[in-house]
Structures are given as structure tokens and as C-alpha cells.
Amino acid sequence: MEYSTFQYILNHIQPQMVTKFTNFVKQPIEPEEKLVITLRYLATGSSFKSLSFSFRIGASTISKIVKGTVIVLWNILQPLHMPPPSKECFTQTSKEFCNLWNFPNCMGCIDGKHVRISCPPHSGTMFYNYKKFYSIVLLGICDAKYRFLVIDVGGFGKQSDGATFAFSDFYRMIKNKEIAIPDDACLPGTNFTTPLVFLADEAFPLSVNVLTPYNVENLNEEKIVFNKRHSRAQKCIECTFGILYSKWRLLSKNIETDHETVDMIIKVMCVLQNTIIDREGFERHLTDVKTVEPKNIEVPRRQRLRG
């Protein structure tokens, strides 16, 4: 993140991060240092022991700082950068998907991601997934600009993406019509109205507001074109997870904390990604990486030594 974004986050959380001077705490740790330690832990995945050597702070103190800071970050930034989506938010997201990805009446993309964790005590095989490691599931719904609209963290790694979605509060709210979904809208250039939908892959159940691709068997030309358009738009959630993993390298290793702290850490990473995109824009994630082909360098022949 840029320095201005760091200052923006620090100014919001600083009132709740100040430690008062007392007889027991003669030199308290400043809020700026607490935020730097937490961001370093999330961005590099360094152990608490390694951070204690870098900042000359005890490993147990580092652990307390990280646990306390992620709670403050979530409580402060979530209402600002990941509020509950409203009808106006879904309408705006639908326009962005139509303009950027040429897929109308789309309110977001749904997918799940397994996050590596250490095996929780007395959990059996509930967190052991089909990829042969222990994990919890991050179920995310993103918009066209790689921001998280809704997240659900804490699903058992043993569950599939469809099962995690079926047991989530978001699915229950959709089923009970507790979410303000906009009314049906016309497709561009036609008078044919369709409901606004969330795009998902084959692992999710097909419903009125969840649109999945056609089965790969017996596809005609129209269905093939639809699957291509669906896959191109649904790729937004894959890019969102890719940006999340590239920013916060802690996700590339086992998160060795208790289950409740892991849930809070994952939620904070998601809200921090929204904060960075809101402050700095998402255009830099659309730039292509240009690779330079190595040129053939002529190496002069070794001259013979004359006696």
C-alpha cells in the first residue's frame, strides 16, 4: 500500500490503539508500531519469533499486538469499506459488470477458497479437505473491481463450496428474501427482463439468483458462447483471490493461531484489500506484465595462450 493509505488507516484506528503511561508500562508501544508489526506479519507471514528479533519485542507481546490490532482494524474499517450491500450497491455493481465484462444483470461472483491452518484440537477430520491439508473456507462475493462485497469465513475444510454456501448466512438471507435485491431488469437492446444474479461455478446450486454454466455435455453454439461469457465474468472472483494471496503472503503458509484469531485475520485481509482499492484504485491490477525476451549475447572465443 502507499504511505497515504497507511496514514489513512492509522488515523482511523489510533484513538483505540493508544496505551496510557502507568507505573507498570513506562514506555508503551505506539499505535504506529503496532500497525507496522501487524501489516508485516500479514504481508510476509513471518513467525512471531522472527518478528520479535526484528522489532526487539517479545514474541508473546507480538502475539498480543497482532490479535488486538486485527480486531480494531475489522471494527473500524468494516463499516467504511465493507458495509452490508444495499439495493443501490447491487445496481451499481450490475452496471460495472456490464461495462467492464460485458455481462449484464450480474450482482457479483461467488467462489470459495481454502486457507491453510494448523489442525485445531479435538476437531477430527472436519478441517481436512480433499487437497490433503487442514483448512477453513473463505466464501467470497466480489464486484467487478475486485472488491469483496460479502465474505463468510469459518467453513469446515471438509465441506465443498456448495455445502459451505448452503450453510452460510448469506444463502439463508437470499432464500428468505432478507436481502434487498433489485427488481428484474431488461437485457441490453431488448425488452426481455431477467432477474439479477450472482455468478458461480458448477459446485454451487442453481437458483433464481445464482447462475451457473451449462453442463459440458451436448452443448450447442449458443450454450458454448454463454459458457464463455459466464467464465470470463466469473473469473473476477479468481482474480480477487489472486490479488489477496499476492498481497498477504501469510495465506501461503499454515496460520498457526487459534481458530477464532484465524477467522479475524482472514476478514481483516479482505477489508484491507477493499481499503487499498478504494484509496488507490483497481486499474493497476489490469495492467499486463511485459516480459522481455533475452537477447543472444555473443561471447568472444577464448584466445589461445602463446608460449
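Being a predicted model, the structure only gives us computed values, none of them experimental.

### Things to note about the nonpolar core
Then, number 1: Judged by nonpolar contacts, the single largest core of 66 residues is most densely connected at Tyr-41, Leu-42 and Leu-138.
Then, number 2: Among all residues touching Leu-138, those that are not within four sequence positions of it are Asp-111, Gly-112, Lys-113, Val-115, Ile-151, Asp-152, Val-153, Phe-241, Leu-244, Ile-266 and Cys-270.
Then, number 3: Residues Val-150, Leu-196, Phe-198 and Val-210 belong to the second largest nonpolar core, which totals 17 residues.

### Brief notes about the packing of aromatic side chains
Then, number 1: Taken as a whole, this structure holds 11 aromatic pairs when the rule is applied.
Then, number 2: A ring pair is formed by Phe-90 and Phe-198, whose centres lie 5.7 Å apart and whose planes are at 80°; its orientation type is edge-to-face. Placement of the pair is Phe-90 in helix α5 (residues 87-101) and Phe-198 in strand β6 (residues 197-199), with a sequence separation of 108 residues. Exposure class is identical for Phe-90 and Phe-198. Each is buried.
Then, number 3: Pairing Phe-165 with Phe-204 gives two aromatic rings, centres 5.6 Å apart and planes at 70°, and the pair type is edge-to-face. Separated by 39 residues along the polypeptide, Phe-165 in helix α6 (residues 161-166) and Phe-204 in the loop between β6 and β7 (210-211) bring together distant segments of the chain. Assigned by exposure class, Phe-165 and Phe-204 land together as buried.
Then, number 4: Among the aromatic residues, ring-to-ring pairing joins Phe-90, Phe-170 and Phe-198 into one connected group.
Then, number 5: Across the ring face of Tyr-245, the terminal group of Lys-113 is positioned such that the distance to the ring centre comes to 5.2 Å.
Then, number 6: The positively charged end of Arg-116 is found above the aromatic ring belonging to Phe-133, 3.9 Å away from the centroid.

### With respect to the environment of Asp-201
Then, number 1: Examined against the element boundaries, Asp-201 turns out to sit in the loop between β6 and β7.
Then, number 2: Excluding residues within four positions of it along the chain, Asp-201 makes contact with Asp-111, Thr-212, Pro-213 and Gln-234.

### Observations concerning unusual backbone geometry
Note: most peptide bonds trans; most residues except glycine with negative phi.
Then, number 1: One non-glycine residue, Arg-56, lies in the positive phi region at around 55°.
Then, number 2: Structurally, Arg-56 is set in the loop between α3 (48-55) and α4 (59-81).
Then, number 3: Residues other than glycine seldom take positive phi values, yet Tyr-146 does so here, at roughly 65°.

### Observations regarding the sheet that holds strand β1 (residues 106-116)
Then, number 1: With mixed pairing, the 5 strands of this open sheet are ordered in space as β3-β2-β1-β6-β7. This sheet does not close on itself; its edge strands, each paired only once, are β3 (148-156) and β7.
Then, number 2: Here 7 bridges tie strand β2 (residues 135-142) to β3, and the two strands are oriented antiparallel to one another. Bridge pairing in β3 places Val-137 opposite Gly-155.
Then, number 3: In the packing of α5 onto the sheet, contacts are made with β1, β2, β3 and β6, and the angle to β1 comes to roughly 90°.
Then, number 4: In this fold helix α9 (residues 259-280) packs onto β1, β2 and β3, with an angle of close to 165° to the strand it touches most, β3.

### Quick notes on the packing of α3 against α4
Then, number 1: Put simply, α3 and α4 touch, their axes get as near as 8 Å, and they point 105° apart. Considering the angle they form, α3 stands roughly perpendicular to α4. Facing α3, whose interface residues are Phe-48, Lys-49, Leu-51 and Ser-52, α4 presents Ala-59, Ile-62, Ser-63 and Val-66.
Then, number 2: Along the lines of polarity and charge, the residues of the contact of α3 with α4 split into 5 nonpolar, 2 polar and 1 charged.

### Some remarks on the side chain of Thr-5
Then, number 1: Tracing the chain through its elements places Thr-5 in helix α1 (residues 3-17).
Then, number 2: One polar contact links Thr-5 to Glu-280, side chain to side chain, over a distance of 2.7 Å.
Then, number 3: When neighbours within four sequence positions are excluded, Thr-5 is seen to be in contact with Ile-276, Arg-279 and Glu-280.

### Some details on the pairing of β2
Within a regular beta strand, the side chains point alternately toward one face of the sheet and then the other, so they alternate between its two faces.
Then, number 1: For β2, the tally of buried residues reaches 8 of 8 residues, placing the bulk of the element in the interior.
Then, number 2: By the alternation rule, side chains of β2 split into Ser-135, Val-137, Leu-139 and Ile-141 and Ile-136, Leu-138, Gly-140 and Cys-142, which are all buried.
Then, number 3: In the sheet, β1 pairs with β2 via 8 bridges, with the strands oriented antiparallel. Bridge pairing links Gly-112 to Leu-139 in β2.

### A word on the pattern of salt bridges
Then, number 1: Across all of its chains, the model carries 5 salt bridges by this definition.
Then, number 2: Of the charged contacts, one joins Asp-143 and Arg-147 as a salt bridge, the two residues approaching to 3.5 Å between their closest N and O atoms.
Then, number 3: Here Arg-172 ties to Glu-178 by a salt bridge, and the two come within 3.4 Å at their closest N and O atoms.
Then, number 4: Judged by its relative accessible area of 38%, Arg-172 is partly exposed.

Conventions used here
Residues numbered from 1 in each chain as written. Predicted model: local features only at pLDDT ≥ 70, side-chain atom pairs only at ≥ 80, totals over all residues. Heavy atoms only, no water. Core = buried A, V, L, I, M, F, W, Y, C linked by side-chain atoms within 4.5 Å. Buried < 20%, exposed > 50% of the residue type's maximum accessible area, 1.4 Å probe, protein only. Contact = heavy atoms within 4.5 Å. Phe/Tyr/Trp six-rings, centres within 6.5 Å; stacked < 30°, edge-to-face > 60°. Helix = DSSP H or I, 4+ residues; strand = E, 2+ residues; numbered from the N terminus. Lys NZ or Arg CZ within 6 Å of the ring centre and 35° of its normal. Pairing = 2+ DSSP bridges. Axes fitted to C-alpha atoms, helices over the stretch in contact; angles between N-to-C directions. Parallel < 35°, antiparallel > 145°, perpendicular 65-115°, else oblique. Nonpolar A, V, L, I, M, F, W, Y, C, P; charged D, E, K, R; others polar. Polar contact = N/O pair within 3.5 Å; in protein donor to acceptor, adjacent residues only side chain to side chain. Salt bridge = Lys/Arg side-chain N within 4 Å of Asp/Glu carboxyl O.

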